[in-house]
Amino acid sequence: QVQLVEFGGGLVQAWGSLRLSCAASGRTDILNARGWFRQAPGKERDFVAAITWSGGSTDYADSVKGRFTISRDNAKNTVYLQMNSLKPEDTAVYYCAAANRLWTTRRSGAYDYWGQGTQVTVSS
């Protein structure tokens, strides 16, 4: 069993910054690729960013490229999402995900474990 818990959501003004954390516990030895997704009200869950186990490869949605940075600390079993220059359209519930697979993917169905989500609200 694997548990994922997100931290760091909240309310921020436009152009502000937030850092989300996702801590894994349990069978963390089986986890490889990690990702972040988000879901705004009335919309589907969308890919945000992903990272391989080594951190050597990352992938970002076009909408966040250059503003968000994903990173990981394997010693702490934690993945981070640094979000800068936030916009009102970034408002959503953010979910972290973990996969047994080695490589990053944008497909939500490829991830095996999910956190409960954390709300990020960006005011204009």
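Analysis parameters
- Residues numbered from 1 in each chain as written.
- Predicted model: local features only at pLDDT ≥ 70, side-chain atom pairs only at ≥ 80, totals over all residues.
- Heavy atoms only, no water.
- Phe/Tyr/Trp six-rings, centres within 6.5 Å; stacked < 30°, edge-to-face > 60°.
- Lys NZ or Arg CZ within 6 Å of the ring centre and 35° of its normal.
- Helix = DSSP H or I, 4+ residues; strand = E, 2+ residues; numbered from the N terminus.
- Buried < 20%, exposed > 50% of the residue type's maximum accessible area, 1.4 Å probe, protein only.
- Polar contact = N/O pair within 3.5 Å; in protein donor to acceptor, adjacent residues only side chain to side chain.
- Contact = heavy atoms within 4.5 Å.
- Pairing = 2+ DSSP bridges.
- Axes fitted to C-alpha atoms, helices over the stretch in contact; angles between N-to-C directions.
- Salt bridge = Lys/Arg side-chain N within 4 Å of Asp/Glu carboxyl O.

Draft legend 1. The arrangement of the packing of aromatic side chains in detail. Per the stated rule, a full pass over the model turns up four aromatic pairs. Above the ring of Y95, the side-chain terminus of R45 is found at 3.7 Å from the ring centroid. Seen from the ring of W114, R45 lies directly overhead, with NZ or CZ sitting 4.9 Å from the centre.

Draft legend 2. Structural context of the side chain of R67. Topologically, R67 is positioned in the loop between β6 (58–60) and β7 (68–73). Relative accessible area serves as the criterion here: at 11%, R67 is assigned to the buried category. There is a polar contact of 2.9 Å between the side chain of R67 and the backbone oxygen of S63. Ignoring any residue separated from it by four or fewer positions in sequence, one finds R67 in contact with Q82, M83, N84, S85, L86, K87 and D90.

Draft legend 3. A look at unusual backbone geometry. A positive phi is found at N77, a non-glycine position, where the angle reads about 55°. Of note, N77 is situated in the loop between β7 and β8 (78–83). Positive phi outside glycine occurs at S85, with the angle close to 50°. With respect to the element layout, S85 can be found in the loop between β8 and β9 (92–98). What makes S85 partly exposed here is its relative accessible area of 26%.

Draft legend 4. Here's a closer look at the sheet that holds β7. In space, the four strands of this open sheet follow the order β1-β3-β8-β7, with antiparallel pairing throughout. Each edge of the open sheet carries a strand with a single partner, namely β1 (2–7) and β7. Going across the sheet, the axis of each strand differs from the next one's by a mean of 15°, ignoring polarity. Inspection of the sheet shows β7 paired to β8 by six bridges, in the antiparallel sense. Residue pairing in the sheet places F68 in a bridge with M83 of β8.

Draft legend 5. Molecular detail of the pattern of salt bridges. Taken as a whole and assessed by the stated rule, the structure comprises five salt bridges. The residue R27 makes a salt bridge to D29 at a minimum N-O spacing of 2.8 Å. Here R67 ties to D90 by a salt bridge, and the two come within 2.8 Å at their closest N and O atoms. Within this pair, whereas R67 is found in the loop between β6 and β7, its partner D90 is found in the loop between β8 and β9, the two being separated by 23 residues in sequence. Judged by relative accessible area, D90 falls into the buried class, the value being 0%. Overlapping salt bridges, with partners in common, bring together R38, R67 and D90 in one network.

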